[in-house]
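Structural features, examined
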Amino acid sequence: MTLVDSRLSSDGRAHVGGPSLPQERRLVTEIPGPRSRELLARKNSAVARGVGITLPVFTDVAGGGVLVDVDGNSLIDFGTGIAVTGVGNAAPRVVAAVHEQVDRFTHTCFMITGYDSYVDVAEALNRLTPGDHDKRTALFNTGAEAVENAVKIARSYTGRPAVIAFDHAYHGRTNLTMALTAKSMPYKSGFGPFAPEIYRAPLSYPFHDGLSGPEAAKRAIAMIEKQVGAASTAAIIIEPIQGEGGFIVPAPGFLTALSEWATANGVVFIADEVQTGFARTGAMFASEHERLVPDLIVTAKGIAGGLPLSAVTGRTEIMDAPHVGGLGGTYGGNPIACAAALAAIESYEHDGLVARAGEIEQIMKARLSERQASDRRIGDVRGRGAMIAVELVDPATGEPDAALTSRVAAASHAAGVILLTCGTYGNVIRFLPPLSIGDALLHEGLDVVAQALEAA
Ligand SMILES: *Cc1c(COP(=O)(O)O)cnc(C)c1O
């Protein structure tokens, strides 16, 4: 930790973002510092209470794998704004593309007059997503909006109403996606009634159920067939690795068995890759680890380096089922977001980020598994690529330990590491570093978390 930074002005603020920011953890005040506390007080009297804040430091600049707050503290970013800035904060390619596009035009509404970057993004997604069948893409703004549209498209194609979601699922916070999401607090409680014709099937959760992939799939399919009926089912929607639910990697064979059942029964198989997409798991898409070829794939978060953009990509005959004018929205596929997406995709493909995610997995899993061997509170270490989690339990009972998890996150925050938790039982620590992070910063962040675990 050093304090030397020629780019800091007299008020202590950095003025240059991107990876040129020193890639270091540096604390100059307590966390949050006085300026952040001042802003938090203003936030509390101006912003609706429901919009919570995990780590109340306010950002001045960010770059690479660090975020510098308004007090001049440099924090290691293990959250990437929830798996969004996979290419790094203020990635140079993204920043340049956004500047260039802003100078040309900011908006036309693609449904009124077109522009090439929308088509370029569609072509890129058709090329990159699993399967070499004929595909089409539609662009939207948020993950939830894209999930809603995937459901619309599947219903339009099949003429059927029911949608199957899974235990521990997270698909968003709009009315339809709240219905698909499994967890009541904080996502659903008090916000009903929810959209109808959503049914929940049991997942494969190896750490808890001990079932093989085919056994867990058999259990889920039996539920769907008995309680819903294939003839009423438009779609199955599932995250190939669950995000908010706890970075749950289903047992091998689970996803493919569901997908085969869907195909055999005329049900649209939708992979929600909003969190797992774009190199995050050590493949461009997590479906690839299981050789899964979804009918529709939903993407967002990592797609555009921080600009709001989302997409549904899939088989032409399904994507083209809705009538002309049936899909769209004022901002969907905004030109600045499309320019950012093309730059981010270039970075994923040409800066070696898929392979880098694999290296990050090796480093994190080696260190976390080594800890697990001597710390019985670490029940499970799992995940793929730069999407790794530890599930914390009470060693005596094996029960989820949410209180310990909160203490570890809080101690990491205080020491300058942005760390997120997740899981239905609130007992999972999730690591989502940028794929551009260097080894030194990654190790330092892991050191901090290890110390937090020891102290907790
Ligand atoms: C974050 C997330 C969503 C919702 O995306 P928003 O952009 O927040 O609407 C949907 N599905 C998954 C798997 C997610 O992680």
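Residues numbered from 1 in each chain as written. Predicted model: local features only at pLDDT ≥ 70, side-chain atom pairs only at ≥ 80, totals over all residues. Heavy atoms only, no water.

Regarding the overall build of the protein chain
- When helices and strands are tallied, the protein chain shows 14 helices and 15 strands.
- Its C-alpha atoms give the protein chain a radius of gyration of 22 Å, near enough to 23 Å, the size a compact globule of 456 residues would have.
- Its C-alpha atoms put the protein chain at 65 × 60 × 45 Å along the principal axes.
- By the burial criterion, 55% of the 456 residues in the protein chain qualify as buried.
- Of the charged side chains in the protein chain, 38 are positive and 49 negative, and the gap between their average positions amounts to 4 Å. (Helix = DSSP H or I, 4+ residues; strand = E, 2+ residues; numbered from the N terminus. Rg over C-alpha atoms; globule rule 2.2 N^0.38 Å. Buried < 20%, exposed > 50% of the residue type's maximum accessible area, 1.4 Å probe, protein only. Lys, Arg positive; Asp, Glu negative; His and termini not counted. Charge placed at Lys NZ, Arg CZ, Asp CG, Glu CD.)

Focus on the pairing of strand E3 (residues 74-77)
- In E3, alternate side chains face the same way, and those of Ser74 and Ile76 on one face and Leu75 and Asp77 on the other are all buried.
- When strand E2 (residues 66-69) meets E3, the two strands line up antiparallel, connected through 3 bridges. Pairing of Val66 across the sheet is with Ile76, part of E3.
- Between E2 and E3, which pair antiparallel in sequence order, lie 4 residues; one of them, Gly72, sits at a positive phi of approximately 90°.
- As paired elements, E3 and strand E13 (residues 417-418) share 2 bridges and run parallel to each other. Bridge pairing links Ile76 to Val417 in E13. (Pairing = 2+ DSSP bridges.)

Remarks on the pairing of strand E15 (residues 428-431)
- Neither face of E15 is open: one carries Val428 and Arg430, the other Ile429 and Phe431, and all of them are buried.
- Here strand E12 (residues 387-392) pairs with E15 via 4 bridges, running antiparallel. For Ile388, the partnering residue across the bridge sits in E15 and is Phe431.
- As paired elements, strand E14 (residues 420-422) and E15 share 3 bridges and run antiparallel to each other. The residue bridging Leu420 from the neighbouring strand is Arg430, located in E15.

Section: the sheet that holds strand E6 (residues 198-201)
- Spatially, 7 strands are ordered E4-E10-E9-E8-E7-E5-E6 in an open sheet, and the strand pairing comes out mixed. Looking at which strands have only one partner, the edges of the open sheet turn out to be strand E4 (135-140) and E6. Along the sheet, successive strands turn relative to each other by an average axial angle of 20°, direction set aside.
- Sitting on the sheet, helix H4 (residues 116-128) is in contact with E4, strand E9 (296-299) and strand E10 (310-315), with an inclination near 130° to E4. (Axes fitted to C-alpha atoms, helices over the stretch in contact; angles between N-to-C directions. Contact = heavy atoms within 4.5 Å.)

So, the confidence of the model for the protein chain
- Averaged over all residues, the pLDDT of the protein chain equals 95, while 96% of them reach at least 70.
- For the stretch residues 1-15, pLDDT sits under 50, and the model shows 29 contacts to residues farther than four places along the chain or on other chains. (pLDDT = per-residue confidence, 0-100.)

A word on the nonpolar core
- Ranked by size, the top nonpolar core spans 64 residues in total, and within it Phe78, Leu309, Tyr348 and Phe431 carry the most contacts.
- Element by element, the count of residues in this core is highest for helix H11 (residues 335-350), at 10 residues.
- Both domain 1 (34-77 + 352-455) and domain 2 (94-350) contribute no fewer than three residues apiece to this core.
- Leave out the neighbours within four places in its chain, and Tyr348 touches Val84, Gly86, Val87, Phe278, Ala279, Met284, Gly302, Leu353, Val354 and Leu435.
- Listed in part, the 27 residues of the second largest apolar core include Leu180, Ile270, Val274 and Ile318. (Core = buried A, V, L, I, M, F, W, Y, C linked by side-chain atoms within 4.5 Å. Domains from an automatic or database assignment.)

Describing the environment of Lys218
- Mapped onto the secondary structure, Lys218 falls in helix H8 (residues 213-228).
- By relative accessible area, Lys218 is classed as exposed at 63%.
- Between the C-alpha atom of Lys218 and that of Trp261, which follows or precedes it by 43 residues, the distance is 9.9 Å.

Here's the deal with the domain arrangement of the protein chain
- Domain annotation of the protein chain identifies domain 1 (34-77 + 352-455) and domain 2 (94-350).
- For domain 1 and domain 2, the distance between their C-alpha centroids amounts to 26 Å.
- On the domain 2 side, the residues contacting the 28 residues of domain 1 number 29 residues.
- The contact between domain 1 and domain 2 buries some 2200 Å² in all, and 61% of this surface belongs to carbon and sulfur atoms.
- The largest per-residue losses of area from domain 1 upon contact with domain 2 belong to Val354, Arg384 and Met387, which jointly make up 32% of the total buried on that side.
- Counting across the domain 1 and domain 2 interface gives 2 salt bridges.
- A salt bridge links Arg384 to Glu290; the shortest N-O distance between them is 4.0 Å. (Buried area = accessible area lost by both parts, 1.4 Å probe. Salt bridge = Lys/Arg side-chain N within 4 Å of Asp/Glu carboxyl O.)

Some details on the packing of aromatic side chains
- One pass over the full model with this rule turns up 9 aromatic pairs.
- Aromatic pair Phe166 and Phe254: ring centres 6.1 Å apart, planes at 80°, arrangement edge-to-face. Taken together, the positions of Phe166 in strand E5 (residues 162-166) and Phe254 in helix H9 (residues 254-264) put the pair 88 residues apart, joining distant regions of the chain.
- Phe254 sits in the buried class, given a relative accessible area of 0%.
- Ring centres of Phe278 and Phe285 lie 5.2 Å apart, and the angle between their planes is 65°; this geometry places the pair in the edge-to-face category. Assigned by exposure class, Phe278 and Phe285 land together as buried. (Phe/Tyr/Trp six-rings, centres within 6.5 Å; stacked < 30°, edge-to-face > 60°.)

Brief notes about helix H14 (residues 439-455)
- With 17 residues, H14 ought to run about 24 Å at 1.5 Å a step, and its terminal C-alpha atoms sit 24 Å apart, in line with that.
- Regarding H14, the residues found buried are Leu441, Leu442, Gly445, Leu446, Val448, Val449, Ala450, Ala452 and Leu453. (Expected span 1.5 Å × (residues − 1).)

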